[in-house]
Amino acid sequence: MLVRRPIAALHWILVATAIPLAAQEVRRLPPVEDGGLPEGRLMEHREERADFGRSAALADIPLPEPLPPPDGDELPPGARDGVFQKATLESTWLAPGSGASGVGVTDVEVKSVFGFPCPTRTSPLVVTPGFAVHLFDGPQVSDLPPEVFDAYLQFRWMSRVTPRLGVDFAVTPGWYSDFEHGGGDALRITGHGAGAYTWSPSVKLVFGVAYLDRRDVAVLPIGGLIWTPREEWSFELVSPRPRLARRVYWNGAAATDPEQWIYLAGEFGGGTWSIERADGSPDVLTARDYRLILGMERKVVGGLNSLFEVGYVFGRRYEYERGTPDVRPSDTVLLRAGVTY
């Protein structure tokens, strides 16, 4: 289809844009003296770095985001005044790999985030409409559709139960298909329920469960801890998306804004779509893989954020429901770029 070339071009435009944004030099400022940040502000910075939720449509596994402060009527860290919160454009490319069963993939996703008091802005209802396209290149031995699509609307509620305990619930109805065949198989309703308990100023415990509504994995537990021993380090040891992050200061700069981070992360990829086979028969396609990612991120509160990632993808598998032999592409590499405002 004609949509393939513009979307592939958009991916490389994002890559070219995100690299200089992520690597932009930070202006040098005087260092903060020991104890220069009060404990409340220190915790706010740590809460900001806990915002590691990724696409509900692409990754299917959301994790808790920053919660409002325990007292007062303040907004969550990094939140904007008003309904509109942020908009994201992100693209991921998987190289085809080797052999006749090689499968290349180009993903492009766009989503917007809106926040509403429920009943107050310290207990917000977050509404996220999103749309994604996944373009397949190959394989030569199977009639994999040229593209599949995600169209979803997430409703998410977050609140503090106590000063130490926050909860996060979401439900995401979506339509996942190649737009050639629909039916009940195209409608998937995913969701999650999770909690985050502040054990100490540097340790947060995360627990919960995600309902993926996928043919291969229906339910996945969420659990682990987030340890921030210093402002420059964040150990997000949370299944199913662990991440080790280190804040960097290009040319010895020391500043609170913008922030530059490099990180090593794990990721569980894939999805389920209703499709039409080459012979016109309906089927259900499920993709699954595992990813090890090295990334670089630039964060500006209220500004333009960017990320660039490279990764190794393994354990790849494409399964059909109707008995066609599975496709198991070889391991491959990943490139991802994204911008958020």
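Everything here concerns the structure above.
In what follows, the accompanying structure is described. This is a predicted model, so every value here is computed, not measured.

**Here we look at the overall build of the protein chain**
- When helices and strands are tallied, the protein chain shows 2 helices and 14 strands.
- Across the 341 residues of the protein chain, 51% fall into the buried class.
- Counted over contacts in the protein chain with a minimum sequence separation of 6, partners at least 24 positions apart contribute 59%.
- Accessible area of the protein chain: about 15,200 Å², with a carbon and sulfur share of 63%.

**Focus: the nonpolar core**
- In terms of nonpolar packing, the biggest core is built from 17 residues, with Val103, Phe136, Leu144, Trp273, Leu285 and Tyr318 touching the most fellow members.
- Sorting the residues of this core by element identifies strand 4 (147-160), strand 11 (259-276), strand 12 (282-299) and strand 13 (305-320) as the ones contributing at least two each.
- If one sorts the elements of this core by residue count, strand 13 sits on top with 3 residues.
- Residues Leu212, Ile226, Val238 and Phe268 belong to the second largest nonpolar core, which totals 9 residues.

**Here we look at the pattern of salt bridges**
- Considering all chains together, one arrives at 17 salt bridges under this definition.
- The shortest N-O distance in the salt bridge between arginine 243 and glutamate 297 comes to 3.5 Å. Residue arginine 243 is found in strand 10 (residues 243-247), and its partner glutamate 297 is found in strand 12; the two are separated by 54 residues along the sequence. In this structure, arginine 243 and glutamate 297 share a single accessibility class: buried.
- In this structure, the salt-bridge partner of arginine 336 is glutamate 267, at a minimum N-O distance of 2.9 Å. Residue arginine 336 is located in strand 14 (residues 332-340), and its partner glutamate 267 is located in strand 11; the two are separated by 69 residues in the primary sequence.
- Residue arginine 336 is classed as buried on the basis of its relative accessible area of 4%.
- For glutamate 267, a relative accessible area of 8% gives the class buried.
- One connected set of salt bridges, linked through shared partners, spans Glu90, Glu267, Asp289, Arg291, Glu309 and Arg336.

**Side note on the pairing of strand 13**
- When strand 12 meets strand 13, the two strands line up antiparallel, connected through 13 bridges. Residue isoleucine 293 lies in a different strand from strand 13, and its bridge partner there is glycine 311.
- Pairing of strand 13 with strand 14 involves 9 bridges; the strand directions are antiparallel. Residue pairing in the sheet places asparagine 305 in a bridge with threonine 340 of strand 14.

**Examining the packing of aromatic side chains**
- Following the criterion strictly, the structure yields 11 aromatic pairs and no others.
- Aromatic side chains tyrosine 312 and phenylalanine 314 sit 5.9 Å apart centroid to centroid with 20° between the ring planes, which places their arrangement in the stacked category.
- On the basis of relative accessible area, tyrosine 312 is assigned to the partly exposed category, the value being 38%.
- Using a relative accessible area of 34% as the deciding quantity, one classes phenylalanine 314 as partly exposed.
- One aromatic cluster is present, built from ring pairs that chain together Phe268, Tyr290, Tyr312 and Phe314.

**Overview of the pairing of strand 7 (residues 203-211)**
- Pairing of strand 6 (residues 187-200) with strand 7, which is carried by 9 bridges, proceeds in the antiparallel orientation. Within strand 7, the position partnered with glycine 195 by the bridge is phenylalanine 207.
- In textbook terms, the turn of a hairpin is the stretch between consecutive antiparallel strands, and for strand 6 and strand 7 this stretch comprises 2 residues.
- Note that strand 7 and strand 8 (residues 219-227) share 9 bridges and pair antiparallel. What sits directly across from glycine 208, in strand 8, is isoleucine 222.

Reading the values: the criteria
- Residues numbered from 1 in each chain as written.
- Predicted model: local features only at pLDDT ≥ 70, side-chain atom pairs only at ≥ 80, totals over all residues.
- Heavy atoms only, no water.
- Helix = DSSP H or I, 4+ residues; strand = E, 2+ residues; numbered from the N terminus.
- Buried < 20%, exposed > 50% of the residue type's maximum accessible area, 1.4 Å probe, protein only.
- Contact = heavy atoms within 4.5 Å.
- Areas by Shrake-Rupley, 256 points an atom, 1.4 Å probe, with all protein chains shown as cover.
- Core = buried A, V, L, I, M, F, W, Y, C linked by side-chain atoms within 4.5 Å.
- Salt bridge = Lys/Arg side-chain N within 4 Å of Asp/Glu carboxyl O.
- Pairing = 2+ DSSP bridges.
- Phe/Tyr/Trp six-rings, centres within 6.5 Å; stacked < 30°, edge-to-face > 60°.

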